[in-house]
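Coordinates in review
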Amino acid sequence: MRKLAIAILSVMLVIALSGCGQSSSNGSKKDLFDQIKSKGTMVVATEGTYAPYSYHDPKTNKLIGYDVDVTRAVAKKLGVKVQFKETAWDSQFAGLNSKRFDTMANEVGINPDREKKYDFSTPYGASKSVIVTRTNNTKIKSLDDLKGVKVAQGLTSNYGEMTRKAGAQIVGQDDFSKAMKLVQQKRVDATVNDQGAVLDYLKTTKSKDLKVAAVINSNAAKIAYPVRKGSGLDNHLSQALKELKEDGTLAKISKKYFNKDISE
């Protein structure tokens, strides 16, 4: 009888332990979206200094931009609030890895290296890259001309990888406006960035010292939300984006910031 009692207790203990960590009604472990729904808030990393994607309105200081507005619309579709954590670009993936954020909204381009580490939502935009130099620079006309040249780039960005492969000397700078100023101040020769962001910067600052030296048509990047592998959040984000595409919300937000639909 004593052995039978011990055996019964052992079985009961195994059942109790197996129940730990099960947090949904059907006994399966909650995915990340279930956890977000429970909290009612999705935590999203963004720079807040990168117009027209993520920046502060100069009049109201409100955080705005294409990525910001799209993310707010996505959160509304998902039935949760969004909490933006303003973070320098080069720290965002580390924060995603350490679960400080649920995702990132910062013109994150999909590339093969990132796809090995993260799951991605369907794209909600596309962007072309441009090379920016000082107005009087006549030597840089293509990506090949960056070999041996000093360029200001975020070390973990698509643009940093692109210019590194071109043979450029990388001067680490993940703040877009500061990278542009480094070119203007002759501390570097060029920077590569998104066409929309560059044109917005030149329009806003009315700078006569900088120019778009070249458009890199071969490097159009798809913009999407990265999430941790296996989290399942990418499926929910993709569904929300699909609905926003169908009801015209993405096109409306896009035209607000770019005067054209970059969500196509």
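Residues numbered from 1 in each chain as written. Predicted model: local features only at pLDDT ≥ 70, side-chain atom pairs only at ≥ 80, totals over all residues. Heavy atoms only, no water.

1. Description of the layout of surface pockets
As a reminder of what qualifies: Only protein atoms enter the 1 Å grid used here. Points where a 1.4 Å probe fits but cannot escape make up a cavity, open sets with protein on both sides within 12 Å along at least five of seven lines make up a pocket, and a residue lines them when an atom lies within 4 Å of a point. Grid points are joined across faces, edges and corners, and a volume is the space filled by probe spheres set on the points. Runs of H or I in DSSP of at least four residues are treated as helices and runs of E of at least two as strands, each being numbered from the N terminus. Throughout this entry, Asp, Glu, Lys and Arg are counted as charged residues, while Ala, Val, Leu, Ile, Met, Phe, Trp, Tyr, Cys and Pro are counted as nonpolar. The remaining residues, Gly among them, count as polar.
Quantified by volume, the largest pocket comes out at close to 470 Å³. Lining the largest pocket are 20 residues, and of these Gly196, Leu199, Tyr257, Phe258 and Lys260 sit closest to its centre. Looking at the lining of the largest pocket, the elements that each hand over two or more residues are β7 (125-134), α8 (195-205) and α10 (249-258). Residue classes in the lining of the largest pocket are distributed as eight nonpolar, five polar and seven charged.

2. Notes on empty space enclosed by the protein
With the rule as written, the count across this model stands at one cavity of 30 Å³ or more. If you add up the space inside the largest cavity, you get close to 270 Å³. Tyr50, Trp89, Ser157, Tyr159 and Asn193 are, among the 26 residues lining the largest cavity, the residues nearest its centre. Counting only elements with at least two residues in the lining of the largest cavity, the list comes to β7, β8 (150-153), α6 (158-165), α7 (176-184), β10 (190-194) and β11 (210-223). Of the residues that constitute the lining of the largest cavity, the class distribution is nine nonpolar, twelve polar and five charged.

3. Considering the pairing of strand β9 (residues 169-172)
Selection rule: Any two strands are treated as partners once DSSP identifies two or more bridges connecting them. We call a crossover right-handed when, viewed with the strands running away from us, the connection from the first strand over the helix to the second turns clockwise.
Pairing of β8 with β9 involves four bridges; the strand directions are parallel. Across the sheet, the residue bridging to Gln153 is Gly172, located in β9. Read from β8 through α6 to β9, the crossover connection turns out right-handed.

4. Brief notes about unusual backbone geometry
Operational definition: Using a 1.4 Å probe on the protein chains alone, a residue whose accessible area is under 20% of its type maximum counts as buried, one over 50% counts as exposed, and one in between counts as partly exposed.
Across the junction of Ala51 and Pro52, the peptide omega takes the value 0 degrees, indicating a cis bond. Inspection of the secondary structure assignment puts Pro52 in the loop between β1 (41-46) and β2 (55-56). At Lys99, a position not held by glycine, the phi torsion is positive, near 70 degrees. Judged by its relative accessible area of 62%, Lys99 falls in the exposed class. Here the phi dihedral of Lys186 falls at roughly 65 degrees; this positive angle occurs in a residue that is not glycine. Of note, Lys186 is situated in the loop between α7 and β10.

5. Structural notes on the side chain of Ser263
The condition that has to hold: Whenever two N or O atoms come within 3.5 Å, that pair is a polar contact, provided that in protein one can donate a hydrogen and the other can accept it, and provided that, for residues adjacent in sequence, both atoms are side-chain atoms. Residue contacts are counted whenever heavy atoms from the two residues lie within 4.5 Å of one another.
Positionally, Ser263 belongs in the segment after α10. For Ser263, a relative accessible area of 8% puts it in the buried group. Side-chain polar atoms of Ser263 contact the side chain of Lys245, separated by 3.3 Å. Side-chain polar atoms of Ser263 contact the side chain of Asp261, separated by 2.4 Å. When sequence neighbours within four positions are dropped, the list of residues in contact with Ser263 reads Tyr66, Tyr124, Gly125, Lys245, Leu250, Ala251 and Ser254.

6. Quick word on the environment of His56
By the element assignment, His56 lies in strand β2. Those residues in contact with His56, other than ones at most four positions away along the chain, are Gly48, Asn61, Lys62, Leu63 and Glu86. Within the local environment of His56, its side chain forms a polar contact with the backbone oxygen of Asn61, the two atoms lying 2.7 Å apart. Of note is the side chain of His56, whose polar atom sits 2.9 Å from the side chain of Glu86.

7. A few points about the nonpolar core
The cut-off we apply is this: For our purposes a nonpolar core is just a set of buried Ala, Val, Leu, Ile, Met, Phe, Trp, Tyr and Cys residues, chained together by side-chain atoms within 4.5 Å.
One finds Tyr66, Val70 and Val74 to be the most contacted residues of the largest nonpolar core, which totals 61 residues. Here this core takes seven residues from helix α3 (residues 66-78), the largest share from any one element. When sequence neighbours within four positions are dropped, the list of residues in contact with Tyr66 reads Pro52, Tyr53, Tyr124, Gly125, Leu250, Ile253, Ser254, Tyr257, Phe258, Ile262 and Ser263.

8. Structural notes on the pattern of salt bridges
Counted only if it meets this: Between Lys or Arg on one side and Asp or Glu on the other, a salt bridge is scored when a side-chain nitrogen of the former is within 4 Å of a carboxyl oxygen of the latter.
Across all of its chains, the model carries seven salt bridges by this definition. Where Asp119 meets Lys229, a salt bridge forms, and the shortest distance between an N and an O atom there is 3.4 Å. One end of the pair, Asp119, is in strand β6 (residues 118-120); the other, Lys229, is in the loop between β12 (226-228) and α9 (233-246), with 110 residues separating them in the sequence. Notably, a salt bridge pairs Glu161 with Arg164, separated by 3.1 Å at the nearest N-O pair. In this pair, Glu161 and Arg164 are both assigned in helix α6, three residues apart and thus about one turn of the helix distant. Three or more residues are tied together by salt bridges with common partners; here these are Lys77, Glu243 and Asp247.

Honestly, that's just the spatial picture; any functional story needs more than this.
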